[in-house]
Amino acid sequence: MAQLVGPLRKELADSLSSCRVLVVGAGGIGCELLKNLVLTGFKNIEVIDLDTIDVSNLNRQFLFQKKHVGKSKAQVAKESVLRFCPSANITAYHDSIMNPDYNVEFFRNFQLVMNALDNRAARNHVNRMCLAADIPLIESGTAGYLGQVTVIKKGQTECYECQPKPTQKTFPGCTIRNTPSEPIHCIVWAKYLFNQLFGEEDADQEVSPDTADPEAAWNLADAAARATASDQDGDIKRVSTKEWARSTGYDPVKLFNKLFKDDIMYLLTMDKLWKKRKAPLPLDWVEIQQHACSQEEACGTGLKDQQVLGVLGYAQLFQRSVETLRSQLREKGEGAELVWDKDDPPAMDFVTAASNLRMNVFSMNMKSRFDVKSMAGNIIPAIATTNAVIAGLIVLEGLKILNSDFEQCRTIFLNKQPNPRKKLLVPCALDPPNPNCYVCTSKPEVTVKLNVHKTIVQALQDKILKEKFGMVAPDVQIEDGKGTILISSEEGETEANNNKFLSDFGIRNGSRLQADDFLQDYTLLVNVLHSEELEKDVEFEVVGDAPDKAPTPSAPEEGKNIANGNKDSAQPSTSSKAAAEDDDILIVDSDEEPSSSTMETSPESSNRKRKHHDAETDDATSKRKRLDQQPADDDDEDIIALD
């Protein structure tokens, strides 16, 4: 008869007390997980998190209190958890898991790694480190009321990067600057505007009307006559937005009239843009104030952050936020810059006001501060109960691994509503590795289509190897028989190559590059496919079987109105919109426990499958198809693709 220690067999209890576990992340899931681990009997835990505690964390990250604001999450979590179990041996690191100090040898010190992360780059990195160290990884994530836990084991299951994930939506510059049609376009514009006025200027984030818009066939002479400026402030030259703002002393009224009157009147001169669109309606500061005097605007109802103000309310919020941000700049001194942060009230007020005023100009229903924050911050509001459930499931999967019951491990989904079999928690068999994965196959290889005469080495390093393929410190050599080093991770060795074109090194169609990331113990062979026919603004494409594209959306709906804004524009703003899009999606459960790939491809039920989210707030991977998938240019543009 097995001896029990509490609810566990003695052998398993002994294994818990002796094994070393690494917890990556001490946020919403991480707090619950650390508490669960020590109460279950785990004694040797190391936790790492780069973040510090913010007031906004306190509603769900229960290990933290108001007195801890500004302190290290990992360190405070350790101190709080030790109150549950003083005998536990916990080590806290206030650091990034992507620091080279945490190499493969570091990961090999653990029997189990548990992810409680909130961004894809770190997830990709931990996935690769665990593959290199051959250590089981338990991946998890939540998105509102939805959650997921899965187990990753080298050679036995899919890795985190085996399946395609939806990329964050990006929009053409001319759409953001000239013809926004969705609230998210206005929110992106407002974030760009913040950087142009108060932060680091980026030429790719220009907010003034785009005169090079290919749609805009307009007459310059006619434009000069019709773009009537305001009496004192509108007759401005097309100069840097920040330069002009400084010349006015960051006067909020002058900024308002430039952004929402003069620039809009300038746009109206681009006649062709408005033949099939509803033309924008300029706003004038004086007229808004006069209108307010004759007719008092009703204030929104409900919680402050969930109120949708009127034009006057957002104009006043714009004025207050500009004044506050101007003061912050002056306090920092000459040449100072501010960094946009969704948790910084003045910065969030500015983006809320500016985006809503632009929505009004382009005839869209305005949004609450809550909605704007959810979209601008790429987040879905976190639910404490969801985090608690997922943290419990992580520990259960960990117990199976330590009990040598790996065949019993499952991917488990938490639904918001019971599925047809009345289950909220739905287990699926783990899928085998994807043979075409460019991370966990024995010899990872990809083909990249690009123009060797236009792609510089810096772009290869930053946009392709780091951003697209998740490398941290790549070394690249050309397989040309001479072993020419193109990129070195050693500082200063190949910096002279950065602004040279690939063709300058003899790279042409069919060339092969070997990219090594020694930190991740990862090698990727890149086949170059030269092309001079890439789409406009597309620098490269990954071709072949590499998992680089999300599932194709269904066909767009018929009968769309040409007026700006989609059907959401006719609906009142709701604070739950950002999370509600996917909350009602169910997973079909069958008598035979399917694998996730079986569930995904089943023709009878594919339209019932849920897409895994990769949310900023504690995300989950993306394998399931959405219920009633919407086209890319429909309602989903109301929400930034979660990353």
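These numbers come from a predicted model, not from an experiment. (Residues numbered from 1 in each chain as written. Predicted model: local features only at pLDDT ≥ 70, side-chain atom pairs only at ≥ 80, totals over all residues. Heavy atoms only, no water.)

1. Regarding the overall build of the chain
Assigned secondary structure in the chain consists of 18 helices and 16 strands. Evaluated residue by residue, the chain yields a buried proportion of 53% over its 643 residues. Considering only intrachain contacts with a sequence separation of at least 6, the fraction spanning at least 24 residues in the chain is 70%. Carbon and sulfur atoms make up 48% of the accessible area of the chain, which amounts to about 29200 Å² in all. (Helix = DSSP H or I, 4+ residues; strand = E, 2+ residues; numbered from the N terminus. Buried < 20%, exposed > 50% of the residue type's maximum accessible area, 1.4 Å probe, protein only. Contact = heavy atoms within 4.5 Å. Areas by Shrake-Rupley, 256 points an atom, 1.4 Å probe, with all protein chains shown as cover.)

2. A word on the packing of aromatic side chains
One pass over the structure, following the stated rule, counts 17 aromatic pairs. Taken together, a centroid distance of 5.6 Å and an interplanar angle of 50 degrees make the contact between Phe-194 and Phe-198 tilted. Of this pair, Phe-194 and Phe-198 both sit in helix H7 (residues 183-198), 4 residues apart, roughly one helical turn. Note on accessibility: Phe-194 and Phe-198 belong to one class, buried. Centre to centre, the rings of Phe-256 and Phe-260 are 5.2 Å apart; their planes meet at 55 degrees, and the pair counts as tilted. Pair noted here: Phe-256 and Phe-260 are both in helix H10 (residues 252-268), with a separation of 4 residues, about one helical turn. Of the two residues, Phe-256 and Phe-260, neither departs from the other in class, the shared state being buried. Through successive ring pairs, a cluster of aromatic residues spans Trp-189, Phe-194, Phe-198, Tyr-250, Phe-256, Phe-260, Trp-285, Phe-318 and Phe-350. When the ring centre of Phe-110 is taken as origin, the NZ or CZ atom of Arg-20, which lies over that ring, is 5.2 Å away. One Lys or Arg, Lys-258, reaches over the ring of Trp-244 and ends 6.0 Å from the middle of that ring. (Phe/Tyr/Trp six-rings, centres within 6.5 Å; stacked < 30°, edge-to-face > 60°. Lys NZ or Arg CZ within 6 Å of the ring centre and 35° of its normal.)

3. Observations regarding H7
Helix length check: H7, at 16 residues, gives a terminal C-alpha distance of 22 Å against a target of 22 Å (1.5 Å per residue), a fit within 8%. Among the 16 residues that make up H7, 14 are buried, leaving the element largely enclosed by the rest of the structure. (Expected span 1.5 Å × (residues − 1).)

4. Some points on a nonpolar patch on the surface
A contiguous nonpolar patch, built from Leu-39, Phe-62 and Phe-84 and spanning about 290 Å² of accessible area, is present on the exposed surface. As for its position among the elements, Leu-39 is in helix H2 (residues 28-40). (Patch = residues over 30% accessible without salt bridge, like charges linked within 9 Å, V, L, I, M, F, W, Y side chains within 5 Å. Salt bridge = Lys/Arg side-chain N within 4 Å of Asp/Glu carboxyl O.)

5. Here we look at the pattern of salt bridges
One pass over the full model with this rule turns up 19 salt bridges. Salt-bridge contacts for Arg-108 lead to Glu-105; the nearest nitrogen and oxygen are separated by 2.6 Å. For Glu-539, the salt bridge is made with Lys-463, and the minimal N-O distance between the two is 2.5 Å. Here Lys-463 lies in helix H16 (residues 457-468) and Glu-539 lies in the loop between strand E15 (522-530) and strand E16 (540-543), a separation of 76 residues in the sequence. Its relative accessible area of 40% is what places Glu-539 among the partly exposed residues. One continuous salt-bridge network, built from bridges that share partners, spans Lys-342, Asp-343 and Lys-373.

6. Quick word on unusual backbone geometry
Its identity is not glycine, yet Asp-134 carries a phi of approximately 55 degrees, on the positive side. Along the polypeptide, Asp-134 turns up in the loop between helix H5 (120-133) and strand E7 (137-143). Positive phi is not limited to glycine here, since Tyr-250 has a value of about 55 degrees. The topology assignment puts Tyr-250 in the loop between helix H9 (241-247) and H10.

7. Brief notes about H2
Between the first and last C-alpha of H2 there are 19 Å, a value that for 13 residues agrees with the 18 Å anticipated at 1.5 Å per step. When you tally the buried positions in H2, you get 11 out of 13 residues, the bulk of the element. Taken residue by residue, H2 has Gly-28, Ile-29, Gly-30, Cys-31, Glu-32, Leu-33, Leu-34, Lys-35, Asn-36, Leu-37 and Val-38 as its buried positions.

8. Considering the packing of H10 against helix H12 (residues 311-332)
Close contact between H10 and H12 brings their axes to 9 Å; oriented N to C, the two are set at 125 degrees. For the element pair H10 / H12, the angle class is oblique. Every pair of crossing elements has a handedness; the one defined by H10 and H12 is right-handed. Listed contacts from H12 to Pro-252, Leu-255, Phe-256, Leu-259 and Phe-260 of H10 are Ala-315, Phe-318, Gln-319, Val-322, Glu-323 and Arg-326. When grouped by side-chain class, the residues that make up the contact of H10 with H12 number 8 nonpolar, 1 polar and 2 charged. (Axes fitted to C-alpha atoms, helices over the stretch in contact; angles between N-to-C directions. Parallel < 35°, antiparallel > 145°, perpendicular 65-115°, else oblique. Left-handed = near helix turned anticlockwise from the far one by under 90°. Nonpolar A, V, L, I, M, F, W, Y, C, P; charged D, E, K, R; others polar.)

9. Some details on the environment of Gly-41
Its place among the elements puts Gly-41 in the loop between H2 and strand E4 (44-48). Judged by relative accessible area, which is 19%, Gly-41 ranks as buried. For Gly-41 and Cys-85, which are 44 residues apart along the polypeptide, the C-alpha to C-alpha distance reads 9.0 Å.

10. Some remarks on the sheet that holds strand E12 (residues 475-478)
Taken in spatial order, the 6 strands make up an open sheet running E13-E12-E14-E15-E11-E16, and their pairing is mixed. Each of the sheet's edge strands pairs with one partner strand only, and the pair in question is strand E13 (484-487) and E16. Strand-to-strand twist across the sheet, computed as the mean angle between neighbouring axes with direction ignored, equals 30 degrees. In terms of strand pairing, strand E11 (residues 445-450) meets E15 through 6 bridges, oriented parallel. (Pairing = 2+ DSSP bridges.)

11. A look at a negative patch on the surface
Residues Glu-200, Glu-201, Asp-202, Glu-243 and Glu-337 make up a contiguous surface patch of negative charge. Take Glu-243: it is sitting in helix H9. (Lys, Arg positive; Asp, Glu negative; His and termini not counted. Charge placed at Lys NZ, Arg CZ, Asp CG, Glu CD.)

12. Observations regarding the side chain of Asn-57
Along the polypeptide, Asn-57 turns up in the loop between E4 and helix H3 (73-81). Judged by its relative accessible area of 7%, Asn-57 is buried. With near-sequence residues (within four places) excluded, Asn-57 lies in contact with Thr-52 and Lys-73.

13. Side note on the side chain of Arg-410
Along the chain, the position of Arg-410 falls in strand E9 (residues 410-414). A distance of 2.9 Å separates a polar atom in the side chain of Arg-410 from the backbone oxygen of Glu-407. (Polar contact = N/O pair within 3.5 Å; in protein donor to acceptor, adjacent residues only side chain to side chain.)

14. Observations concerning the packing of H7 against H12
Relative to each other, H7 and H12 sit at 40 degrees, their axes nearing to 11 Å. Between H7 and H12, the angle is such that the two are oblique. Note on packing geometry: the crossing formed by H7 with H12 is right-handed. Along its contact with H7, which presents Phe-194, Leu-197 and Phe-198, the element H12 presents Leu-325, Arg-326 and Leu-329. Its residues placed into classes, the contact of H7 with H12 shows 5 nonpolar, no polar and 1 charged.

15. A look at the sheet that holds strand E10 (residues 425-429)
If you walk across this open sheet you meet the 8 strands as E5-E4-E3-E6-E7-E8-E9-E10, and the pairing is mixed. Each edge of the sheet is formed by a strand with only one pairing partner; in this case those strands are strand E5 (89-93) and E10. Averaged over all adjacent pairs, the angle separating strand axes in this sheet is 15 degrees, with direction ignored. In terms of strand pairing, E9 meets E10 through 5 bridges, oriented antiparallel. Residue pairing in the sheet places Arg-410 in a bridge with Ala-429 of E10. Packing against the sheet, H3 makes contact with E4 and E5, and its axis sits at approximately 165 degrees to E5.

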